[in-house]
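# Structure assessment
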Amino acid sequence: MTDIRRRRIRLEGLGLFCLEAGEGGRAMLLLHGRWGRAETWRELMLRYAGRYRIVAPDQRGHGLSDRPRSSYTAEELAGDAAALADALGLRELVAIGHSMGAQVAAQLAVARPDLVRGLALLDKSPEGSPPRPPLPPDEIRVDDPVTAALRPPFDSWTAAREAISAWAESETAIRYFMNGLREDDEGVRPLFDPYAIAAGLANNSSWWELLPRIACPTMVARARGGEAVSDEAFHRMAREIPAARAYELSLPDHNLHQADPTEFYRCFDDFLAWLGD
């Protein structure tokens, strides 16, 4: 039976909580989406732990990791990912990112081509506002749309699930947000930091300029009919990344690695075979 280990890694000025599985020289680094946490990768970790050493952090401001008052740009989060990989001695890794995590993984691949030998970008478009300097922390308006919609804390786990079910678009989305809750004296509330979400959204911008600079083989995947990646963006990503394979999954679910695991892992295994794994 595969064990998933829980640990906390202290980086310079930042503590990251991580899940880890597997051993050996080949590695995977899994980067979750906004509002998420490492737990969303559990099934993938169990599936590939016999072949890879797999590390999935709660990114800063999410889950059980530290939540400093900082910019929460993709560049900053990619710096965290690089520091984590260096601290753990990970080399020649496959970086897999979902949604926000895909943008972070792309930043990591460009900043550290010595570290990333393969990249998987799951249902994230590079579209956005023009790049600009990040806002100072005291200019961030703490206005998280999920917190505004759900209005936590909830008085029970049942109430939390009822509220999320009335708002989320799919069962996988319900699981995604339920995995990001905790219970304390005041009730059941999200693990993510509303400031971190607000800063990440306020400081997010287009990242088309990164695509031609991605040197490693790259999987570009989207949910067909979903809202995250338009037809135009999907085809442009496949054109502009020098070594890309595009995969369109049949369900319109943003959590495409969980919506139809059989279809997703067939595509992902094809990508890994292309890498020579």
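None of these values were measured; they are calculated from a predicted model.

With respect to topology, eight strands assemble into an open sheet ordered 1-2-4-3-5-6-9-10, the strand pairing being mixed. Because the sheet does not close on itself, it has two edges, and the strands there are strand 1 (5–11) and strand 10 (244–249). For this sheet the average axis-to-axis angle between neighbouring strands, irrespective of direction, equals 20°. Against the sheet, helix 2 (residues 74–88) engages strand 1, strand 2 (14–21), strand 3 (27–31), strand 4 (53–57) and strand 5 (93–98), with an angle of about 110° to strand 1.

Glancing now at the pairing of strand 10. For strand 9 (residues 218–223) and strand 10, the ladder comprises six bridges, and the chain directions are parallel. Considered in strand 10, the bridge of M219 is made with R245.

The interhelical angle for the contact between helix 2 and helix 3 (residues 100–111), taken along N-to-C directions, is 70°, at an axis separation of 8 Å. Taken together, the axes of helix 2 and helix 3 are roughly perpendicular relative to one another. As for how helix 2 packs across helix 3, the hand of that crossing is right-handed. On helix 3, the residues that touch A74, E75, L77, A78, A81 and A82 of helix 2 are M100, Q103, V104, Q107 and L108. For the contact of helix 2 with helix 3, the residue count by class is eight nonpolar, two polar and one charged.

Cut-offs applied
- Residues numbered from 1 in each chain as written.
- Predicted model: local features only at pLDDT ≥ 70, side-chain atom pairs only at ≥ 80, totals over all residues.
- Heavy atoms only, no water.
- Pairing = 2+ DSSP bridges.
- Helix = DSSP H or I, 4+ residues; strand = E, 2+ residues; numbered from the N terminus.
- Axes fitted to C-alpha atoms, helices over the stretch in contact; angles between N-to-C directions.
- Contact = heavy atoms within 4.5 Å.
- Parallel < 35°, antiparallel > 145°, perpendicular 65-115°, else oblique.
- Left-handed = near helix turned anticlockwise from the far one by under 90°.
- Nonpolar A, V, L, I, M, F, W, Y, C, P; charged D, E, K, R; others polar.

Purely geometric numbers; function is a separate question.
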